[in-house]
Amino acid sequence: MSQLSEVAANPYAAELAAAKKAVVLAARLCQIVQQGILQSDVQSKADRTPVTVADYGSQVLVSLVLKKELPSHSFSMVAEEDSKDLRKDGAQEVLEHITSLVNETIANDGSYNMSLSKEDVLAAIDGGKSEGGPSGRHWILDPIDGTKGFIRGDQYAVALGLLDEGKVVLGVLGCPNLPLKSTNKHNGGYGSSRDQVGSLFFATIGCGTEVEALEGSDPQKISVCSINNPVDASFFESFEASHSKRDLTSSIAEKLGVQAPPVRMDSQAKYGALARGDGAIFLRIPHKGYIETVWDHVAGSIVVTEAGGMVKDASGNDLDFSKGRYLDRDRGIIATNKYLMPVVLKALQEAMKEEQ
Ligand SMILES: Nc1ncnc2c1ncn2[C@@H]1O[C@H](COP(=O)(O)O)[C@@H](OP(=O)(O)O)[C@H]1O
Ligand SMILES: [Mg+2]
Ligand SMILES: [Mg+2]
Ligand SMILES: [Mg+2]
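Residues numbered from 1 in each chain as written. Chains lettered and ligands numbered in written order. Predicted model: local features only at pLDDT ≥ 70, side-chain atom pairs only at ≥ 80, totals over all residues. Heavy atoms only, no water.

Going by the annotation in an unreviewed UniProt entry, the name recorded for the protein is 3'(2'),5'-bisphosphate nucleotidase, with Panicum virgatum given as the source organism. UniProt's Function (unreviewed entry) comment on the protein is quoted here verbatim: "Converts adenosine 3'-phosphate 5'-phosphosulfate (PAPS) to adenosine 5'-phosphosulfate (APS) and 3'(2')-phosphoadenosine 5'-phosphate (PAP) to AMP." (UniProt positions renumbered as here; feature names shortened; annotations may be inferred.)

This is how it looks when you write it as C-alpha coordinates:
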(Lines give C-alpha, C1' and ligand atoms only; values in the text may rest on other atoms or scores of the structure.)
(Ligands and ions follow the chains in the order given, each with its own letter.)
Protein backbone atom coordinates (compact mmCIF):
# COMPACT_ATOMS: atom_id res chain seq x y z
CA MET A 1 0.00 0.00 0.00
CA SER A 2 1.38 3.44 -0.83
CA GLN A 3 1.82 5.96 1.93
CA LEU A 4 -0.93 8.11 0.43
CA SER A 5 -3.56 5.37 0.48
CA GLU A 6 -2.54 4.44 4.03
CA VAL A 7 -3.23 8.02 5.09
CA ALA A 8 -6.59 7.89 3.31
CA ALA A 9 -7.50 4.62 5.08
CA ASN A 10 -6.54 5.85 8.53
CA PRO A 11 -7.29 9.50 9.25
CA TYR A 12 -5.14 9.26 12.40
CA ALA A 13 -2.12 7.69 10.70
CA ALA A 14 0.26 10.52 11.64
CA GLU A 15 -0.94 10.51 15.26
CA LEU A 16 -0.62 6.72 15.43
CA ALA A 17 2.96 6.79 14.12
CA ALA A 18 3.89 9.47 16.67
CA ALA A 19 2.14 7.63 19.51
CA LYS A 20 3.90 4.35 18.69
CA LYS A 21 7.28 6.08 18.57
CA ALA A 22 6.57 7.80 21.91
CA VAL A 23 5.50 4.59 23.64
CA VAL A 24 8.44 2.56 22.31
CA LEU A 25 10.97 5.15 23.50
CA ALA A 26 9.28 5.46 26.91
CA ALA A 27 9.18 1.68 27.27
CA ARG A 28 12.92 1.53 26.61
CA LEU A 29 13.56 3.85 29.55
CA CYS A 30 11.25 1.75 31.73
CA GLN A 31 13.05 -1.46 30.81
CA ILE A 32 16.41 0.00 31.81
CA VAL A 33 15.03 1.14 35.17
CA GLN A 34 13.21 -2.15 35.84
CA GLN A 35 16.42 -4.07 35.19
CA GLY A 36 18.29 -2.20 37.89
CA ILE A 37 15.59 -0.99 40.23
CA LEU A 38 16.72 0.32 43.61
CA GLN A 39 14.48 1.09 46.54
CA SER A 40 15.54 4.74 46.34
CA ASP A 41 14.05 4.96 42.88
CA VAL A 42 10.57 4.51 44.34
CA GLN A 43 8.67 7.38 45.93
CA SER A 44 5.27 7.55 47.51
CA LYS A 45 2.72 10.11 46.28
CA ALA A 46 0.27 11.96 48.51
CA ASP A 47 -2.32 9.25 47.77
CA ARG A 48 0.27 6.70 48.99
CA THR A 49 0.56 4.99 45.60
CA PRO A 50 4.12 4.39 44.39
CA VAL A 51 5.82 6.33 41.62
CA THR A 52 9.27 5.63 40.23
CA VAL A 53 11.85 7.58 38.26
CA ALA A 54 10.57 5.56 35.29
CA ASP A 55 6.98 6.84 35.66
CA TYR A 56 8.35 10.40 35.42
CA GLY A 57 10.90 9.60 32.70
CA SER A 58 8.28 7.85 30.59
CA GLN A 59 5.93 10.83 30.87
CA VAL A 60 8.72 13.22 29.81
CA LEU A 61 9.61 11.13 26.74
CA VAL A 62 6.02 10.70 25.56
CA SER A 63 5.34 14.40 25.91
CA LEU A 64 8.56 15.24 24.07
CA VAL A 65 8.09 12.80 21.17
CA LEU A 66 4.45 13.82 20.56
CA LYS A 67 5.46 17.48 20.37
CA LYS A 68 8.44 16.77 18.10
CA GLU A 69 6.56 14.46 15.74
CA LEU A 70 3.37 16.54 15.49
CA PRO A 71 4.68 20.11 15.56
CA SER A 72 1.67 21.63 13.81
CA HIS A 73 -0.88 20.13 16.23
CA SER A 74 -2.10 21.91 19.32
CA PHE A 75 -0.98 19.90 22.34
CA SER A 76 -3.15 18.87 25.27
CA MET A 77 -2.31 15.90 27.47
CA VAL A 78 -4.04 14.35 30.45
CA ALA A 79 -1.37 12.33 32.24
CA GLU A 80 -1.07 10.67 35.62
CA GLU A 81 2.07 12.27 37.05
CA ASP A 82 2.85 15.87 37.98
CA SER A 83 6.05 17.62 39.10
CA LYS A 84 4.91 18.68 42.58
CA ASP A 85 6.97 16.15 44.55
CA LEU A 86 10.02 16.71 42.33
CA ARG A 87 9.99 20.44 43.11
CA LYS A 88 10.23 19.79 46.87
CA ASP A 89 13.43 20.21 48.89
CA GLY A 90 15.39 16.99 48.83
CA ALA A 91 14.13 15.85 45.43
CA GLN A 92 17.11 17.27 43.51
CA GLU A 93 18.93 13.97 43.32
CA VAL A 94 15.89 12.12 41.99
CA LEU A 95 15.28 14.90 39.45
CA GLU A 96 18.90 14.68 38.30
CA HIS A 97 18.55 10.92 37.93
CA ILE A 98 15.38 11.29 35.83
CA THR A 99 17.05 13.95 33.67
CA SER A 100 20.06 11.77 32.95
CA LEU A 101 17.87 8.74 32.23
CA VAL A 102 15.80 10.76 29.74
CA ASN A 103 18.90 12.22 28.06
CA GLU A 104 20.59 8.81 27.81
CA THR A 105 17.48 7.29 26.24
CA ILE A 106 17.26 10.12 23.69
CA ALA A 107 20.98 9.84 22.88
CA ASN A 108 20.86 6.04 22.47
CA ASP A 109 17.86 6.31 20.17
CA GLY A 110 19.54 8.91 17.98
CA SER A 111 16.34 10.42 16.49
CA TYR A 112 16.69 13.76 18.27
CA ASN A 113 19.80 15.80 18.76
CA MET A 114 18.94 17.44 22.05
CA SER A 115 19.58 17.41 25.77
CA LEU A 116 17.04 18.38 28.42
CA SER A 117 17.74 20.45 31.51
CA LYS A 118 16.09 19.72 34.86
CA GLU A 119 13.68 22.59 34.20
CA ASP A 120 12.81 21.10 30.78
CA VAL A 121 12.05 17.80 32.53
CA LEU A 122 9.74 19.45 35.07
CA ALA A 123 7.98 21.38 32.30
CA ALA A 124 7.55 18.23 30.18
CA ILE A 125 5.99 16.40 33.14
CA ASP A 126 3.60 19.28 33.67
CA GLY A 127 2.61 19.07 30.00
CA GLY A 128 0.24 16.39 31.27
CA LYS A 129 -1.90 18.72 33.38
CA SER A 130 -4.78 19.09 30.93
CA GLU A 131 -8.30 18.49 32.22
CA GLY A 132 -9.35 16.72 28.99
CA GLY A 133 -13.08 16.87 28.38
CA PRO A 134 -15.61 16.57 25.56
CA SER A 135 -14.21 19.04 23.02
CA GLY A 136 -10.98 19.11 21.05
CA ARG A 137 -8.19 16.57 21.05
CA HIS A 138 -6.47 15.30 24.18
CA TRP A 139 -3.72 12.77 24.59
CA ILE A 140 -4.34 10.50 27.59
CA LEU A 141 -1.23 8.97 29.15
CA ASP A 142 -0.45 6.48 31.86
CA PRO A 143 3.38 6.59 31.73
CA ILE A 144 3.56 3.33 33.69
CA ASP A 145 0.33 1.53 34.35
CA GLY A 146 0.82 -1.15 36.98
CA THR A 147 3.61 0.61 38.89
CA LYS A 148 3.30 -2.04 41.61
CA GLY A 149 3.85 -4.77 39.01
CA PHE A 150 6.76 -2.78 37.57
CA ILE A 151 8.45 -2.62 40.99
CA ARG A 152 7.82 -6.35 41.55
CA GLY A 153 9.39 -7.16 38.17
CA ASP A 154 6.05 -8.24 36.69
CA GLN A 155 3.73 -6.86 34.02
CA TYR A 156 3.25 -3.14 33.35
CA ALA A 157 2.25 -1.02 30.37
CA VAL A 158 2.95 2.36 28.84
CA ALA A 159 -0.58 3.35 27.84
CA LEU A 160 -1.29 6.23 25.45
CA GLY A 161 -4.61 7.12 23.86
CA LEU A 162 -6.15 10.00 21.95
CA LEU A 163 -9.57 11.52 22.60
CA ASP A 164 -11.18 13.49 19.78
CA GLU A 165 -14.40 15.32 20.65
CA GLY A 166 -14.84 13.05 23.68
CA LYS A 167 -14.34 9.79 21.77
CA VAL A 168 -11.34 7.50 21.97
CA VAL A 169 -9.92 7.34 18.44
CA LEU A 170 -6.54 5.75 19.00
CA GLY A 171 -4.72 3.68 21.60
CA VAL A 172 -1.21 2.29 21.97
CA LEU A 173 -0.18 -0.15 24.71
CA GLY A 174 3.47 -0.98 25.18
CA CYS A 175 3.86 -4.10 27.33
CA PRO A 176 7.60 -4.82 27.72
CA ASN A 177 7.16 -8.04 29.73
CA LEU A 178 4.30 -9.57 27.76
CA PRO A 179 5.33 -12.36 25.35
CA LEU A 180 4.56 -11.56 21.72
CA LYS A 181 3.12 -14.98 21.12
CA SER A 182 -0.54 -15.30 22.00
CA THR A 183 -1.72 -18.31 23.96
CA ASN A 184 -4.72 -18.36 21.60
CA LYS A 185 -4.12 -20.50 18.51
CA HIS A 186 -5.95 -18.12 16.16
CA ASN A 187 -3.77 -15.15 17.02
CA GLY A 188 -0.60 -17.05 17.84
CA GLY A 189 2.61 -17.92 16.02
CA TYR A 190 3.84 -14.53 14.86
CA GLY A 191 6.50 -15.38 12.29
CA SER A 192 9.77 -16.51 13.82
CA SER A 193 9.36 -14.53 17.02
CA ARG A 194 7.98 -17.37 19.12
CA ASP A 195 9.79 -16.65 22.36
CA GLN A 196 10.07 -12.91 21.96
CA VAL A 197 9.02 -10.82 24.95
CA GLY A 198 7.61 -7.31 24.55
CA SER A 199 4.31 -6.57 22.81
CA LEU A 200 3.11 -3.32 21.27
CA PHE A 201 -0.67 -3.23 20.75
CA PHE A 202 -2.23 -0.43 18.73
CA ALA A 203 -5.69 0.43 17.48
CA THR A 204 -7.29 3.26 15.57
CA ILE A 205 -11.01 3.75 15.29
CA GLY A 206 -12.48 1.77 12.42
CA CYS A 207 -9.13 0.18 11.53
CA GLY A 208 -8.91 -2.80 13.91
CA THR A 209 -6.24 -3.75 16.43
CA GLU A 210 -2.75 -4.94 15.64
CA VAL A 211 0.23 -6.14 17.62
CA GLU A 212 3.92 -6.13 16.84
CA ALA A 213 7.12 -6.73 18.77
CA LEU A 214 8.07 -3.79 20.96
CA GLU A 215 11.45 -3.94 19.22
CA GLY A 216 9.68 -3.83 15.83
CA SER A 217 8.27 -6.58 13.58
CA ASP A 218 5.52 -6.96 10.99
CA PRO A 219 2.21 -6.00 12.59
CA GLN A 220 -0.47 -8.70 12.91
CA LYS A 221 -4.22 -8.10 13.14
CA ILE A 222 -5.71 -9.62 16.27
CA SER A 223 -9.19 -10.38 17.51
CA VAL A 224 -10.84 -11.35 20.76
CA CYS A 225 -11.75 -15.02 21.31
CA SER A 226 -15.05 -16.35 20.02
CA ILE A 227 -15.97 -18.40 23.10
CA ASN A 228 -19.71 -18.22 23.69
CA ASN A 229 -20.09 -20.67 26.56
CA PRO A 230 -18.83 -19.18 29.85
CA VAL A 231 -17.87 -22.67 31.04
CA ASP A 232 -14.99 -22.51 28.53
CA ALA A 233 -14.01 -18.97 29.48
CA SER A 234 -11.10 -17.81 31.61
CA PHE A 235 -10.90 -14.40 33.16
CA PHE A 236 -8.33 -11.77 34.02
CA GLU A 237 -8.25 -9.66 37.15
CA SER A 238 -5.77 -7.40 38.93
CA PHE A 239 -2.79 -8.96 40.62
CA GLU A 240 -3.32 -6.51 43.50
CA ALA A 241 -6.24 -7.63 45.66
CA SER A 242 -6.88 -4.01 46.74
CA HIS A 243 -7.61 -2.97 43.12
CA SER A 244 -10.58 -5.25 42.43
CA LYS A 245 -13.04 -7.09 44.67
CA ARG A 246 -12.12 -10.76 44.53
CA ASP A 247 -15.20 -11.93 46.44
CA LEU A 248 -17.36 -10.42 43.69
CA THR A 249 -15.28 -11.70 40.78
CA SER A 250 -15.29 -15.22 42.24
CA SER A 251 -19.03 -15.12 42.81
CA ILE A 252 -19.51 -13.98 39.18
CA ALA A 253 -17.22 -16.77 37.97
CA GLU A 254 -19.25 -19.27 40.00
CA LYS A 255 -22.55 -18.02 38.59
CA LEU A 256 -21.15 -18.36 35.06
CA GLY A 257 -19.72 -21.81 35.68
CA VAL A 258 -16.20 -20.62 34.79
CA GLN A 259 -13.85 -23.54 35.51
CA ALA A 260 -10.41 -22.01 35.04
CA PRO A 261 -8.80 -20.09 37.92
CA PRO A 262 -8.48 -16.32 37.36
CA VAL A 263 -5.39 -15.06 35.57
CA ARG A 264 -4.00 -12.29 37.76
CA MET A 265 -1.96 -9.69 35.93
CA ASP A 266 -0.98 -6.07 36.53
CA SER A 267 -1.84 -3.17 34.25
CA GLN A 268 -3.63 -2.74 30.93
CA ALA A 269 -1.56 -5.64 29.61
CA LYS A 270 -4.80 -7.44 30.56
CA TYR A 271 -6.70 -5.53 27.85
CA GLY A 272 -3.97 -6.39 25.32
CA ALA A 273 -3.99 -10.07 26.26
CA LEU A 274 -7.80 -10.12 26.07
CA ALA A 275 -7.74 -8.42 22.65
CA ARG A 276 -5.77 -11.36 21.21
CA GLY A 277 -7.86 -14.00 22.93
CA ASP A 278 -5.42 -15.09 25.66
CA GLY A 279 -8.43 -15.00 27.96
CA ALA A 280 -12.15 -14.33 27.51
CA ILE A 281 -13.24 -11.94 30.27
CA PHE A 282 -11.63 -9.05 32.19
CA LEU A 283 -13.42 -7.99 35.35
CA ARG A 284 -12.48 -4.95 37.41
CA ILE A 285 -14.65 -4.12 40.40
CA PRO A 286 -12.98 -1.52 42.62
CA HIS A 287 -13.79 -1.20 46.30
CA LYS A 288 -16.44 1.38 47.23
CA GLY A 289 -15.29 4.98 47.02
CA TYR A 290 -12.56 4.42 44.42
CA ILE A 291 -13.00 6.56 41.32
CA GLU A 292 -11.29 5.31 38.17
CA THR A 293 -9.01 7.63 36.19
CA VAL A 294 -9.24 7.88 32.40
CA TRP A 295 -5.60 6.94 31.78
CA ASP A 296 -6.17 3.52 33.35
CA HIS A 297 -8.62 2.52 30.58
CA VAL A 298 -8.50 4.71 27.45
CA ALA A 299 -5.80 2.86 25.49
CA GLY A 300 -6.85 -0.58 26.72
CA SER A 301 -10.51 -0.09 25.88
CA ILE A 302 -9.97 0.80 22.21
CA VAL A 303 -7.44 -2.03 21.84
CA VAL A 304 -10.26 -4.39 22.92
CA THR A 305 -13.17 -2.80 21.02
CA GLU A 306 -11.23 -2.60 17.75
CA ALA A 307 -10.36 -6.28 18.19
CA GLY A 308 -14.09 -7.00 18.12
CA GLY A 309 -14.64 -6.96 21.89
CA MET A 310 -16.84 -4.87 24.14
CA VAL A 311 -16.03 -2.77 27.23
CA LYS A 312 -18.90 -1.75 29.50
CA ASP A 313 -19.56 -0.48 33.00
CA ALA A 314 -21.72 -2.29 35.56
CA SER A 315 -24.88 -0.75 34.07
CA GLY A 316 -24.02 -1.98 30.60
CA ASN A 317 -23.06 1.50 29.37
CA ASP A 318 -20.01 2.40 27.32
CA LEU A 319 -17.24 4.06 29.33
CA ASP A 320 -17.47 7.84 29.08
CA PHE A 321 -13.99 9.35 28.85
CA SER A 322 -15.24 12.86 28.12
CA LYS A 323 -15.77 14.01 31.70
CA GLY A 324 -12.23 15.09 32.52
CA ARG A 325 -9.51 13.25 34.41
CA TYR A 326 -11.88 10.80 36.06
CA LEU A 327 -14.13 8.19 34.59
CA ASP A 328 -17.74 8.99 35.25
CA ARG A 329 -19.18 5.50 35.45
CA ASP A 330 -21.04 2.99 37.48
CA ARG A 331 -18.90 0.71 39.67
CA GLY A 332 -17.19 -2.05 37.78
CA ILE A 333 -15.78 -2.59 34.31
CA ILE A 334 -16.29 -5.65 32.11
CA ALA A 335 -14.32 -6.35 28.94
CA THR A 336 -15.20 -9.43 26.92
CA ASN A 337 -16.54 -10.54 23.55
CA LYS A 338 -20.04 -9.80 22.26
CA TYR A 339 -21.33 -13.31 23.02
CA LEU A 340 -20.33 -13.32 26.66
CA MET A 341 -21.09 -9.66 27.51
CA PRO A 342 -24.83 -10.12 28.20
CA VAL A 343 -24.32 -13.08 30.54
CA VAL A 344 -21.34 -11.57 32.35
CA LEU A 345 -23.23 -8.31 32.81
CA LYS A 346 -26.23 -10.14 34.23
CA ALA A 347 -24.04 -12.13 36.64
CA LEU A 348 -22.23 -8.95 37.74
CA GLN A 349 -25.50 -7.15 38.41
CA GLU A 350 -26.86 -10.12 40.39
CA ALA A 351 -23.66 -10.43 42.42
CA MET A 352 -23.73 -6.71 43.22
CA LYS A 353 -27.36 -6.90 44.33
CA GLU A 354 -26.64 -9.87 46.61
CA GLU A 355 -23.74 -7.97 48.14
CA GLN A 356 -25.97 -5.09 49.33
N1 LIG B 1 -7.46 1.00 45.60
C2 LIG B 1 -7.49 0.94 44.28
N3 LIG B 1 -8.56 0.43 43.65
C4 LIG B 1 -8.60 0.34 42.32
N5 LIG B 1 -7.59 0.77 41.53
C6 LIG B 1 -6.51 1.29 42.09
C7 LIG B 1 -6.39 1.40 43.50
N8 LIG B 1 -5.20 1.95 43.76
C9 LIG B 1 -4.61 2.18 42.58
N10 LIG B 1 -5.40 1.80 41.57
C11 LIG B 1 -5.18 1.91 40.13
O12 LIG B 1 -4.97 0.61 39.57
C13 LIG B 1 -4.01 0.76 38.55
C14 LIG B 1 -3.34 -0.55 38.26
O15 LIG B 1 -4.30 -1.46 37.84
P16 LIG B 1 -4.04 -3.01 37.88
O17 LIG B 1 -4.51 -3.51 39.18
O18 LIG B 1 -4.88 -3.46 36.74
O19 LIG B 1 -2.58 -3.23 37.67
C20 LIG B 1 -3.09 1.81 39.08
O21 LIG B 1 -2.44 2.40 38.01
P22 LIG B 1 -0.91 2.91 38.19
O23 LIG B 1 -0.08 1.72 38.44
O24 LIG B 1 -0.70 3.57 36.88
O25 LIG B 1 -0.91 3.89 39.32
C26 LIG B 1 -4.01 2.77 39.82
O27 LIG B 1 -4.44 3.83 39.03
MG1 LIG C 1 -0.03 5.45 39.87
MG1 LIG D 1 -2.57 3.22 35.88
MG1 LIG E 1 0.64 4.92 36.27
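A. Focus on the coordination of the magnesium ion (ligand 3). Bound to the magnesium ion (ligand 3) are the protein donor atoms Asp142 (OD), Asp145 (OD) and Asp296 (OD), situated 1.9 to 2.1 Å from the metal. Positions of the donor residues of the magnesium ion (ligand 3) along the chain correspond to the pattern D-x2-D-x150-D. Here the magnesium ion (ligand 3) and the magnesium ion (ligand 2) are spaced 5.2 Å apart. Among the residues examined, aspartate 145 registers a relative accessible area of 8% and is labelled buried. (Donors = N, O, S within 2.8 Å, 3.2 Å for Na, K, Ca; no water. Buried < 20%, exposed > 50% of the residue type's maximum accessible area, 1.4 Å probe, protein only.)

B. Spatial organisation of the coordination of the magnesium ion (ligand 4). Glu80 (OE), Asp142 (OD) and Ile144 (O) make up the full set of protein donors to the magnesium ion (ligand 4), lying at 2.0 to 2.2 Å. Separating the magnesium ion (ligand 4) from the magnesium ion (ligand 2) is a gap of 3.7 Å, bridged by glutamate 80, which donates to each. One end of the pair, glutamate 80, is in the loop between strand S3 (77-79) and helix H4 (92-109); the other, isoleucine 144, is in strand S4 (residues 137-145), with 64 residues separating them in the sequence. Overall, isoleucine 144 belongs to the buried group, its relative accessible area being 1%. (Helix = DSSP H or I, 4+ residues; strand = E, 2+ residues; numbered from the N terminus.)

C. Fine view of the UniProt feature "binding site: Mg(2+)" (unreviewed entry) in the protein. Taking the UniProt record as the reference, the feature "binding site: Mg(2+)" (unreviewed entry) is found at Glu80, Asp142, Ile144, Asp145 and Asp296. Maximum C-alpha separation among the annotated residues is 9.7 Å over a sequence range of 217 residues, consistent with a single clustered spot. Positionally, aspartate 145 belongs in strand S4. Among the secondary structure elements, aspartate 296 is positioned in the loop between strand S12 (281-284) and helix H9 (298-305). Once you skip the residues sitting within four places of it in the chain, aspartate 296 turns out to touch Asp142, Asp145, Gln268, Tyr271 and Tyr290. Of note is the side chain of aspartate 296, whose polar atom sits 3.1 Å from the side chain of threonine 293. (Contact = heavy atoms within 4.5 Å. Polar contact = N/O pair within 3.5 Å; in protein donor to acceptor, adjacent residues only side chain to side chain.)

D. Geometry of helix H3 (residues 53-69). Helix length check: H3 (17 residues) gives 24 Å between terminal C-alpha atoms against 24 Å at 1.5 Å per residue, within 8%. H3 sits mainly inside the fold: 14 of its 17 residues count as buried. (Expected span 1.5 Å × (residues − 1).)

E. Looking closely at the packing of aromatic side chains. In this structure the tally under the stated criterion is two aromatic pairs. Measuring from ring centre to ring centre gives 4.8 Å for phenylalanine 150 and tyrosine 156, while their planes differ by 85°; the resulting arrangement is edge-to-face. Accessibility assignment for this pair places phenylalanine 150 and tyrosine 156 in one class, buried. When the ring of tyrosine 271 is compared with that of phenylalanine 282, the centres are 4.9 Å apart and the planes differ by 85°; the resulting orientation is edge-to-face. Here the residue tyrosine 271 occupies a position in helix H8 (residues 269-275), and phenylalanine 282 occupies one in strand S12, the gap between them amounting to eleven residues. Phenylalanine 282 shares its class with tyrosine 271; the two are buried. (Phe/Tyr/Trp six-rings, centres within 6.5 Å; stacked < 30°, edge-to-face > 60°.)

F. Seen up close, the site of ligand 1. Around ligand 1, the surrounding shell holds 15 residues, and the nearest of these are Ser238, His243, Ser267, Lys270 and Asp296. Serine 267 has a polar backbone atom sitting 2.6 Å from an oxygen atom of ligand 1. The protein chains hide 88% of the 570 Å² of surface that ligand 1 would expose on its own. Looking at the shell around ligand 1, the element that brings in the most residues is S4, giving three residues. Here the shell around ligand 1 spans two domains, since at least three of its residues come from each of domain 1 (3-170) and domain 2 (230-355). (Near = heavy atom within 4 Å. Areas by Shrake-Rupley, 256 points an atom, 1.4 Å probe, with all protein chains shown as cover. Domains from an automatic or database assignment.)

G. Representation of the sheet that holds strand S13 (residues 310-313) in the model. The five strands are arranged S11-S10-S12-S14-S13 in an open sheet whose pairing can be described as mixed. Sheet topology places strand S11 (263-264) and S13 at the edges, where each strand pairs with a single neighbour. The sheet contact formed by S13 and strand S14 (residues 333-336) spans four bridges and is antiparallel. When the bridges of S14 are listed, methionine 310 appears paired with threonine 336. (Pairing = 2+ DSSP bridges.)

H. Focus on the nonpolar core. In this structure, Trp139, Leu160 and Leu170 are the most contacted members of the largest nonpolar core, which totals 53 residues. Among the elements that take part in this core, helix H2 (residues 13-35) stands out by supplying twelve residues, more than any other. Excluding its chain neighbours within four sequence positions, the residues that come into contact with leucine 160 are Ala19, Ala22, Val23, Val62, Leu66, Trp139, Ile140, Leu141, Leu170, Gly171, Val172 and Ala299. The next biggest cluster of nonpolar side chains, apart from the first, holds 38 residues, and it includes Ile222, Met265, Val294 and Phe321. (Core = buried A, V, L, I, M, F, W, Y, C linked by side-chain atoms within 4.5 Å.)

I. How the structure looks around the domain arrangement of the protein. Domain annotation for the protein reports domain 1 (3-170) and domain 2 (230-355). Computed from C-alpha atoms alone, the centre-to-centre distance between domain 1 and domain 2 is 26 Å. Carbon and sulfur atoms supply 62% of the area buried between domain 1 and domain 2, which totals about 1,800 Å² over both sides. Our count for the domain 1 to domain 2 interface comes out at two salt bridges. Arginine 152 is the partner of aspartate 266 in a salt bridge, and the nearest nitrogen-oxygen pair spans 2.8 Å. Summed over the shared surface of domain 1 and domain 2, the number is seven residue pairs in polar contact (both at pLDDT 80 or more). (Buried area = accessible area lost by both parts, 1.4 Å probe. Salt bridge = Lys/Arg side-chain N within 4 Å of Asp/Glu carboxyl O.)

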